[in-house]
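Listed below are the residues making up each chain.
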Amino acid sequence: MEFYQKLTTACALGIFAIGANAQNPLVRNQFTADPTARVFNNRVFVYPSHDIISPVEPERKWFCMADYHMFSSSDLTEWNDHGVILSQEQVPWGNPKGYSMWAPDCVEHKGKYYFFFPNAPKTGRGFGIGVAIAQHPYGPYVPQEKNIEGVMGIDPCVLQAKDGNAYLFWGGGGIMSAKLKDNLLELDGKPAPVTGLPEGFKEGPFAFEANGKYYLSFPWVRKKKGDPDGKGGTIDNPTECLAYAMSDSPTGPWEFKGVIMDEHENGCWTNHHSIVQYNGQWYLFYHNNAYSPSFDKNRSICCDSLTFNADGTIQKVIPTLRGVGICDARKPLQIDRYSAIGGGAHIEFHDTLNCFQGWKTIFPANGAWVAYNKIELKDAGASNVCVKVKTTAKANLLLELSGKVKVTLPMPNTNGKWAEVNVPVKQIAAGVYDLKLTLKSKGEVEVDWITLADHPKEQYFTPATDAAMTPDEDGFIRRWMLLEPIDKPNRSNAVFTDTYLRTEFGKQYFTTQHSTTMPADGESVTVGNQTLKWHAVESNRFNVKLLRFAENYEKQIYGVLFWAVTVIDCPEEIKDVRLAVGSNSASMWWLNGEEAVLLSGDRRMVKDDCISPRLTLKKGRNILRGAVINGPGMSDFCVRFINEKGEPVKNVTIKTK
Ligand code: FUB
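Residues numbered from 1 in each chain as written. Predicted model: local features only at pLDDT ≥ 70, side-chain atom pairs only at ≥ 80, totals over all residues. Heavy atoms only, no water.

1. Remarks on the side chain of Asp304
Part 1 of the argument: As for its placement among the helices and strands, Asp304 is situated in strand β20 (residues 300-306).
Part 2 of the argument: Salt bridges are absent for the buried Asp304, whose nearest opposite-charge side chain, Arg322, sits at 8.0 Å.
Part 3 of the argument: One polar contact links Asp304 to Asn24, side chain to side chain, over a distance of 3.4 Å.
Part 4 of the argument: A polar side-chain atom of Asp304 sits 2.5 Å from a polar atom in the side chain of Thr320.
Part 5 of the argument: Filtering out sequence-adjacent residues up to four positions away, Asp304 remains in contact with Asn24, Tyr283, Leu284, Tyr286, Val317, Ile318, Pro319, Thr320, Gly323 and Val324. (Helix = DSSP H or I, 4+ residues; strand = E, 2+ residues; numbered from the N terminus. Buried < 20%, exposed > 50% of the residue type's maximum accessible area, 1.4 Å probe, protein only. Lys, Arg positive; Asp, Glu negative; His and termini not counted. Salt bridge = Lys/Arg side-chain N within 4 Å of Asp/Glu carboxyl O. Polar contact = N/O pair within 3.5 Å; in protein donor to acceptor, adjacent residues only side chain to side chain. Contact = heavy atoms within 4.5 Å.)

2. Points about the sheet that holds strand β31 (residues 445-453)
Part 1 of the argument: The antiparallel open sheet is built from five strands, whose spatial order is β23-β24-β31-β26-β29. Either end of the sheet is taken by a strand with one partner, and the two such strands are β23 (346-349) and β29 (419-428). Each strand axis lies, on average, 40° off the axis of its neighbour in the sheet, ignoring direction.
Part 2 of the argument: Sheet topology places strand β26 (residues 382-391) next to β31; eight bridges connect them, and they run antiparallel. Paired with Lys388 across the two strands is Trp449, which belongs to β31. (Pairing = 2+ DSSP bridges. Axes fitted to C-alpha atoms, helices over the stretch in contact; angles between N-to-C directions.)

3. With respect to the confidence of the model for the protein chain
Part 1 of the argument: Chain-level pLDDT for the protein chain is 94 on average; 97% of the residues reach the 70-or-more range.
Part 2 of the argument: Scored below 50 in pLDDT, residues 1-13 makes 18 contacts in the model with residues more than four places away or belonging to other chains. (pLDDT = per-residue confidence, 0-100.)

4. A short note on helix α2 (residues 498-506)
Part 1 of the argument: All of the buried residues along α2 are Tyr500, Leu501, Glu504 and Phe505. Summarising the axial view, the buried residues of α2 lie within an arc of 110°, below the 170-degree limit, and thus occupy one face. Exposed side of α2, more than 90 degrees from the buried face: Thr499 and Gly506 are the residues found there.
Part 2 of the argument: Taken together, the buried residues of α2 touch β38 (560-570), β40 (586-591), β41 (594-599) and β44 (620-630). (Arc of directions from axis to C-beta.)

5. Examining the pattern of salt bridges
A side chain of one charge can pair with a side chain of the opposite charge if their charged atoms are brought near each other.
Part 1 of the argument: Scanning all chains against the criterion turns up 36 salt bridges.
Part 2 of the argument: With a shortest N-O distance of 2.9 Å, Arg548 and Glu551 are connected by a salt bridge. Linking Arg548 with Glu551, this pair stays in helix α3 (residues 546-552), spanning three residues, or about one helical turn.
Part 3 of the argument: A relative accessible area of 37% means that Glu551 is categorised as partly exposed.
Part 4 of the argument: Among the salt bridges present, the one from Glu644 reaches Arg614, with a minimum N-O distance of 2.9 Å. Of this pair, Glu644 sits in the loop between β45 (636-642) and β46 (653-655) while Arg614 sits in the loop between β42 (610-611) and β43 (615-617); the two residues are 30 residues apart in sequence, bridging distant segments of the chain.

Okay, here's the thing in structure tokens:
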């Protein structure tokens with residue numbers, strides 16, 4: 001209980017859900033690699049490396065990692081990002097600009113959590129391995145002053161053996177091992193290379209115990225350049241597979257047993273893994289470069305089930321897109337992470353310049369299908385199916401649930417734009433199903449996701465049109481260009497003082513931030529390593545629900561900064577108006593480039609919460625711009641102009657172009 005209370009407290013401090021219905025990859029908003037999964041207090045904690053695009057000029061096209069995030073889950077479908085648990089500037093012995101925080105491990109010992117990590121030392125070359133200690137799996141982790149003496153290398157893994165001892169395994173020039181002292185901070189004896197393993201490059205050891213046997217698993221380049229490929233040719237670019245050896249003792253001798261996962265088909269050079277048992281099932285955590293197909297040092301972690309044979313050997317794991325766990329049918333089911341596909345259906349990135357936008361499924365012709373296994377419909381079942389779809393003609397999709405339910409879903413012509421189409425259906429009973437979606441008409445259909453619900457999903461926005469639009473009957477402005485959220489990982493809103501806000505809103509996040517030219521619908525901007533799109537939208541409510549906007553585009557919803565801009569077109573000059581704003585949380589608004597109003601503090605959205613001094617709306621186009629910042633919480637805003645009598649100004653036209 002105490003543990004979960006702490007976890008709840010930690011939630012308040014900024015743990016962000018990173019998407020329910022995990023499929024592979026597990027983390028969809030940043031690169032993650034080298035996942036070490038551990039079970040503490042019946043929850044799975046994954047400690048990966050955090051690949052980034054090198055900020056060092058000229059860009060280093062190599063592994064680049066400045067810190068560690070940690071992720072946890074109790075059901076392997078809903079993952080929480082606990083944020084940065086350790087960064088390179090915090091390590092006393094490390095190079096604060098080394099970008100070398102490679103594959104880590106974490107173990108519990110006597111009620112404390114020991115995080116082992118490689119890092120570039122302050123002086124000298126190569127890698128040391130250090131330890132940081134915390135009272136909880138999620139930190140805060142305090143690094144030791146010095147790295148472990150006698151250990152030079154990468155990829156630490158700690159095996160807590162049945163003999164009561166802990167053994168450190170690591171990589172670098174083969175696989176090394178040494179007994180640790182009981183403090184887990186020093187070696188108890190000399191390191192020795194692990195013997196009995198096959199020839200070829202090896203790194204990333206993961207040692208564990210299962211069914212009374214010890215296992216040492218490792219990424220392995222099993223063939224040399226020029227080795228026969230078994231098909232009459234030679235291997236040009238040998239890469240890593242995952243392999244393992246077994247022993248009766250944590251110190252060996254090790255007997256090589258075979259391959260757990262073959263080399264990645266797309267040539268991603270590394271793989272790196274861990275193996276863990278959770279609620280009776282074994283899982284293999286590993287990585288690939290799904291979100292970075294052309295640069296394999298920006299990787300993404302995945303998980304699939306692993307099975308032992310009766311004799312203790314391990315069955316080969318075939319990587320899947322679907323991953324593990326039962327997915328909640330009420331949340332978007334990304335069917336591009338399919339269990340099976342056929343009839344010509346295939347997947348494509350939404351945006352090859354920003355792969356984190358994910359994939360869509362293309363049904364090019366009648367008969368194309370996709371299967372997505374293990375979805376759960378809870379409570380009263382569903383009476384509505386919602387499909388995010390894009391078509392250029394009317395179409396029919398056939399939804400089948402485990403052969404028990406068959407419903408035809410008529411899709412309207414969406415004129416080549418994405419639309420969320422709700423289809424009321426005869427009540428579907430609660431249960432766990434395998435889903436299959438088949439195109440049963442001519443013409444091409446693209447599907448982003450599908451959900452089953454007991455009522456139509458509320459639509460908060462519709463795409464903006466060119467039709468003339470005035471403020472609503474209360475004067476609220478509902479047509480906006482909204483930018484997908486900028487990552488601003490505030491853990492609490494207590495920091496939103498005037499000074500903080502003026503500094504943060506005063507920064508330049510992207511070059512066109514204060515341009516008098518309106519952004520185009522779909523235009524991208526680059527903010528740090530994020531590529532974000534502008535969307536022209538009309539809010540179906542007086543308040544613009546930014547959290548729902550972010551959700552629609554499957555963006556992060558907490559720890560965010562939104563930009564909004566619109567054009568107020570006036571038939572004549574209108575003097576002595578005031579801008580009346582409510583926002584959650586803080587926000588700042590500019591009219592024609594001049595600051596109009598600042599809403600500071602941790603706010604809830606209230607109509608006309610803050611009112612600007614008198615302003616003049618000039619004849620013709622006026623640019624109204626706003627920025628809303630929020631840590632945890634529901635981001636939204638409502639904006640209108642009022643006159644001297646407090647009446648809404650409505651005789652203006654609102655445009656996004
Ligand atoms: O992530 C950097 C390195 O790539 C790891 O330490 C290796 O195991 C390989 O995955």
